[in-house]
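# Structural characterization, general
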Amino acid sequence: MRFLYKRPKMELIDEEINDVLEVMSASAFIYLDILVFSLIFTLLLVPVLHSIGLSIIFFIACFSLFSSLYYFVFTRILK
């Protein structure tokens, strides 16, 4: 069975890996990850926050903190 499987060329694999790396490092994808992680972080802390209003404020603060951290560290300093 092994002789039936043809391995792809290294150039094709390298192009696919580069495409995946470009998508994973896209700014919109990173902000979407920050949004999801902020939501998960807020949902895990709901028993401590005691109200919906406080949870919403915490979510907005968490998202803005992580977004500004990403913006200043990776966008401003490293480029």
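Values in this document were obtained by computation on a predicted structure and should not be read as measured data. (Residues numbered from 1 in each chain as written. Predicted model: local features only at pLDDT ≥ 70, side-chain atom pairs only at ≥ 80, totals over all residues. Heavy atoms only, no water.)

### Looking at the overall build of the chain
- Secondary structure assignment for the chain yields four helices and zero strands.
- The C-alpha radius of gyration of the chain comes to 20 Å, more than 25% above the 12 Å expected for a compact globule of 79 residues.
- Here the chain, with 79 residues, has 10% of them falling under the buried criterion.
- With the model as given, the accessible surface of the chain reaches about 7100 Å², and the carbon-plus-sulfur share is 74%.
- Treating the 6 positive side-chain charges of the chain as one cloud and the 7 negative ones as another, the clouds have centres 5 Å apart. (Helix = DSSP H or I, 4+ residues; strand = E, 2+ residues; numbered from the N terminus. Rg over C-alpha atoms; globule rule 2.2 N^0.38 Å. Buried < 20%, exposed > 50% of the residue type's maximum accessible area, 1.4 Å probe, protein only. Areas by Shrake-Rupley, 256 points an atom, 1.4 Å probe, with all protein chains shown as cover. Lys, Arg positive; Asp, Glu negative; His and termini not counted. Charge placed at Lys NZ, Arg CZ, Asp CG, Glu CD.)

### Concerning the environment of Glu 15
- Mapped onto the elements of the fold, Glu 15 is located in helix α1 (residues 10–24).
- Residue Glu 15 is classed as partly exposed on the basis of its relative accessible area of 48%.
- Sequence-wise, Glu 15 and Ala 61 are 46 residues apart; in three dimensions their C-alpha atoms are separated by 39 Å.

### Brief notes about the side chain of Ser 67
- Turning to its location among the elements, Ser 67 is positioned in helix α4 (residues 52–77).
- If we skip the residues at most four places from it in the chain, Ser 67 touches Tyr 31 and Ile 34. (Contact = heavy atoms within 4.5 Å.)

### A look at the packing of helix α2 (residues 27–44) against α4
- Relative orientation of the contacting elements α2 and α4 amounts to 145°, with a least axis distance of 9 Å. The crossing of α2 and α4 is right-handed. Judged by residue contacts, Ser 27, Ile 30, Tyr 31, Ile 34, Leu 35, Ser 38, Leu 39, Phe 41 and Thr 42 of α2 engage Ser 55, Phe 58, Phe 59, Cys 62, Phe 63, Phe 66, Ser 67, Tyr 70 and Tyr 71 from α4.
- Per-class residue counts for the contact of α2 with α4 are 13 nonpolar, five polar and no charged. (Axes fitted to C-alpha atoms, helices over the stretch in contact; angles between N-to-C directions. Left-handed = near helix turned anticlockwise from the far one by under 90°. Nonpolar A, V, L, I, M, F, W, Y, C, P; charged D, E, K, R; others polar.)

### Quick word on the packing of aromatic side chains
- Under the definition given, this model contains three aromatic pairs.
- Seen from their ring centres, Tyr 71 and Phe 72 are 5.3 Å apart, and the 70° between their planes marks the pair as edge-to-face. (Phe/Tyr/Trp six-rings, centres within 6.5 Å; stacked < 30°, edge-to-face > 60°.)

### Topic: a nonpolar patch on the surface
- Residues Phe 41, Leu 65, Phe 66, Leu 69, Val 73, Phe 74 and Ile 77 make up a contiguous nonpolar surface patch of about 660 Å² in total accessible area.
- Look at Leu 69 and you get exposed, because its relative accessible area is 51%. (Patch = residues over 30% accessible without salt bridge, like charges linked within 9 Å, V, L, I, M, F, W, Y side chains within 5 Å. Salt bridge = Lys/Arg side-chain N within 4 Å of Asp/Glu carboxyl O.)

### Regarding a negative patch on the surface
- On the surface, Glu 11, Asp 14, Glu 15, Glu 16, Asp 19 and Glu 22 cluster together into a negatively charged patch.
- Within the element layout of this structure, Glu 22 appears in helix α1.

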